[in-house]
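Architecture and fold: a report
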Amino acid sequence: MIRSLRFRLLAVVGLVSAVAVVTVVLVSRQAVRTEFGRFEMTTRAFALEDAAEALRVWAHTGGTPEEAGAILRRFDRPGHRALVLVDSIGRTLAFSSPTLRAARVAVLPGGRIEILHETAAGAARSTKRAVILGAPHARIGEEAGGARATLYAVPMLEPDGGPEAPFVRNVNRWMVGAVAAAGLLALVVMWLLSKRIVGPVEALTAAARRMERGDWGARVVAQSRDEIGDLSQAFNSMAESLARNESLRRQLVSDVAHELRTPLTNLQAQLEAIEDGLVPADTQALRSLHDETLLLARLVEDLQELSLAEAGRLRLDRAPVASREALQAVAGAFGAQAAARRISIRVDADEAPPVHADSARLSQILRNLVGNALTHTPEGGAVTLEARAENGQVRFEIRDTGEGIAAEHLPHVFDRFYRTDASRARATGGAGLGLAIVKHLVEAHGGAVSATGNPDGIPGTSISFTIPGLPA
């Protein structure tokens, strides 16, 4: 396929070159004939007038036909029309070109001139006849052999096609050679260009086939800055994205298996202990089993919601939502939990404008963030919920006074199943899906989310996100 593309390019250039050769030859041939005719007419007019002036002097002095021939031969120009002096009864008195010795020139009625030119080649004889109407002429006078004479400019009737034929042939020969050389050069250039164009395409095809076989590290080298180079860079970006998605897919399978293994193992162990009579099937055991099933149900629900968010299939029922009331509602929902650990929750959103959002999804975002903040804030700490206007949007910020997040973890806290503690303890890390869901919900609203440390060296973490304000 690639090879056929290369040869198609060469075939197109060859066809264009052939058309160019034919076109240039035909146009140049016609142009040369036309311009040669114009030049001949100009020079012929001058020669005819000059010869007529000399013959008028000859006629006035009563010169002989031989003297008239000598005069006409002085005005003979190779490639021009011949000059013929004819008397009033059609007899040829003199001519300028020796080639007319074998031709017969006769004056016909109606101002026509007939030229009969015969040539012999071995036993064969060819005859050319031309009847010219209105040939250029000049009247000489009454003293040419006792009768009025007329000077005509007539064609030579050369066997090779006329006086311009050698010139046209030479021009055509040079034009054909020049165009053929240009066509050959174009083929060579196109061959080199096709290698430059098709070479990267072949490399892209080979890399794509490697990726098809599972080699996600296949890349191509962008050797130019043109469209082919852009295509190579786009392919590399696509390959990196596919490799990253494949890595995330494998990591997702591993993380899901890890997250499901613990509650399933607990359920299995407790049920086997009850079955073996090691643990009584009392209320406490049933409550423990119920907690494990709730954990599994929440994990499955989070996974389903994250899958919808990543696929862009979340449905948002947007409406005006008061920013301050949304923060106060979440603070009230966590009030009892915070009071039990002597953690203060403060809301600062008196001047925040309303947002255009799905109230249930906005509440889910805030609940995930506030729940995380309370989990990582020690007793006696504080959690602050703020909202303020910013460039047509509302920026929400959740700050805590907990242990904080190390700088190397901040870029990854919104990745699914990512937890900062290496032990992956549920008491402190959860399933690692809450912040990933927050990120997708915020982006679904057209906002952005980020995590930083608290300013001024205050311990803890600050997570902020933006939600568009009401449309104008």
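Below you will find a few notes about this structure. Values in this document were obtained by computation on a predicted structure and should not be read as measured data.

About the cut-offs
- Residue positions are given per chain, counting from 1 as you read along its sequence in written order.
- pLDDT decides what is reported in this predicted model: residues at 70 or higher carry local features, side-chain atom pairs at 80 or more are listed and counted, and totals for whole chains, interfaces and linings draw on all residues regardless.
- Side-chain measures here rest on the full set of heavy atoms in the structure, leaving out hydrogens and waters.
- Per-residue accessibility, obtained with a 1.4 Å probe over protein chains only, is compared with the maximum for each type, and a residue is labelled buried under 20%, exposed over 50%, and partly exposed between these values.
- Strands are runs of DSSP state E lasting at least 2 residues, helices are runs of H or I lasting at least 4, and numbering of each runs from the N terminus.
- Should DSSP find at least two bridges between two strands, the strands are regarded as paired.
- Counted as salt bridges are all cases of a side-chain nitrogen of Lys or Arg within 4 Å of a carboxyl oxygen of Asp or Glu.
- Only C-alpha atoms enter the line fits that serve as axes; for helices the fit covers just the stretch in contact. Angles between N-to-C directions range over 0 to 180 degrees.
- Contact criterion: two residues are considered in contact whenever any of their non-hydrogen atoms come within 4.5 Å of each other.
- Left-handed is the label given to a crossing in which the near helix is rotated counterclockwise from the far helix by less than a right angle, and right-handed is the label when the rotation is clockwise.
- Each residue gets one of three labels, nonpolar for Ala, Val, Leu, Ile, Met, Phe, Trp, Tyr, Cys and Pro, charged for Asp, Glu, Lys and Arg, and polar for the others, Gly among them.
- By definition, no residue in a patch forms a salt bridge, and every one has over 30% relative accessible area; like charges are joined within 9 Å, nonpolar side chains (Val, Leu, Ile, Met, Phe, Trp, Tyr) within 5 Å.
- Here the Shrake-Rupley method, with its probe set to 1.4 Å, supplies the accessible areas, and only the displayed protein chains count as covering residues.

Some details on the pairing of strand β1 (residues 82–87)
Taken across its 6 residues, β1 has 6 buried, putting it largely inside the fold. Here β1 shows two buried faces, one formed by Ala82, Val84 and Val86 and the other by Leu83, Leu85 and Asp87. In the sheet, β1 pairs with strand β2 (residues 92–95) via 3 bridges, with the strands oriented antiparallel. Bridged to Val84 within β2 is Phe95.

What about unusual backbone geometry?
Phi angles above zero are rare outside glycine, and Arg342 is one such case at about 55°. Structurally, Arg342 is set in the loop between α7 (335–340) and β9 (344–348). Phi angles above zero are rare outside glycine, and Asn391 is one such case at about 55°. Mapped onto the fold, Asn391 is located in the loop between β11 (382–390) and β12 (393–400). Owing to a relative accessible area of 77%, Asn391 belongs among the exposed residues under this scheme.

Some thoughts on the pattern of salt bridges
Counting across every chain of the model gives 10 salt bridges. Across the pair Glu379 and Arg342 runs a salt bridge, and its minimum N-O distance is 3.4 Å. Placement of Glu379 in the loop between α8 (359–375) and β11 and of Arg342 in the loop between α7 and β9 is noted, with a sequence separation of 37 residues between them. Take Arg342: its relative accessible area is 58%, and that puts it in the exposed class. Between Glu390 and Arg395 there is a salt bridge, and its shortest N-O distance comes to 3.0 Å. Given the relative accessible area of 27%, Glu390 is considered partly exposed. What emerges from the salt-bridge pattern is a single network uniting Glu386, Arg388, Glu397 and Arg399.

So, the sheet that holds β11
Within the open sheet, the 5 strands sit side by side as β9-β11-β12-β14-β13. Their pairing is mixed. Pairing within the sheet leaves two strands with one partner each, and these edge strands are β9 and β13 (449–453). Strand-to-strand, the axes of this sheet are offset by a mean angle of 15°, without reference to chain direction.

Details of the environment of Ala243
Considering the arrangement of structural elements, one finds Ala243 in helix α4 (residues 227–275). As a C-alpha pair, Ala243 and Ala218 span 25 residues in sequence and 9.6 Å in three-dimensional space. For Ala243, the residues in contact, after removing those within four places along its chain, are Trp216 and Arg219.

Considerations on the side chain of Ser462
By the element assignment, Ser462 lies in strand β14 (residues 461–468). For Ser462, a relative accessible area of 2% corresponds to the buried category. Beyond its immediate chain neighbours, meaning those up to four positions away, Ser462 contacts Glu397, Ile398, Arg399, Ser450, Ala451, Thr452, Gly453 and Asn454.

Overview of the packing of α8 against helix α10 (residues 434–444)
The interhelical angle for the contact between α8 and α10, taken along N-to-C directions, is 145°, at an axis separation of 10 Å. Read as a crossing pair, α8 and α10 show a hand that is left-handed. Of the residues in α10, those in contact with Arg361, Gln364, Ile365, Asn368, Leu369 and Asn372 of α8 are Gly434, Leu435, Ile437, Val438, Leu441 and Val442. For the contact of α8 with α10, the per-class residue count stands at 7 nonpolar, 4 polar and 1 charged.

Structural notes on the side chain of Thr461
Looking at the element boundaries, Thr461 is found in strand β14. Those residues in contact with Thr461 that sit more than four places away from it in its chain are Ile398, Arg399, Asp400, Gly404, Ile405, Thr452 and Asn454.

Brief notes about a nonpolar patch on the surface
Taken together, the side chains of Phe7, Leu184, Leu187, Val188, Trp191 and Leu192 present a nonpolar region at the surface, about 570 Å² in accessible area. In terms of residue count, the dominant contributor to the nonpolar patch is helix α3 (residues 165–212) (5 residues). For Trp191, the position within the fold is in helix α3. Judged by relative accessible area, which is 34%, Trp191 ranks as partly exposed.

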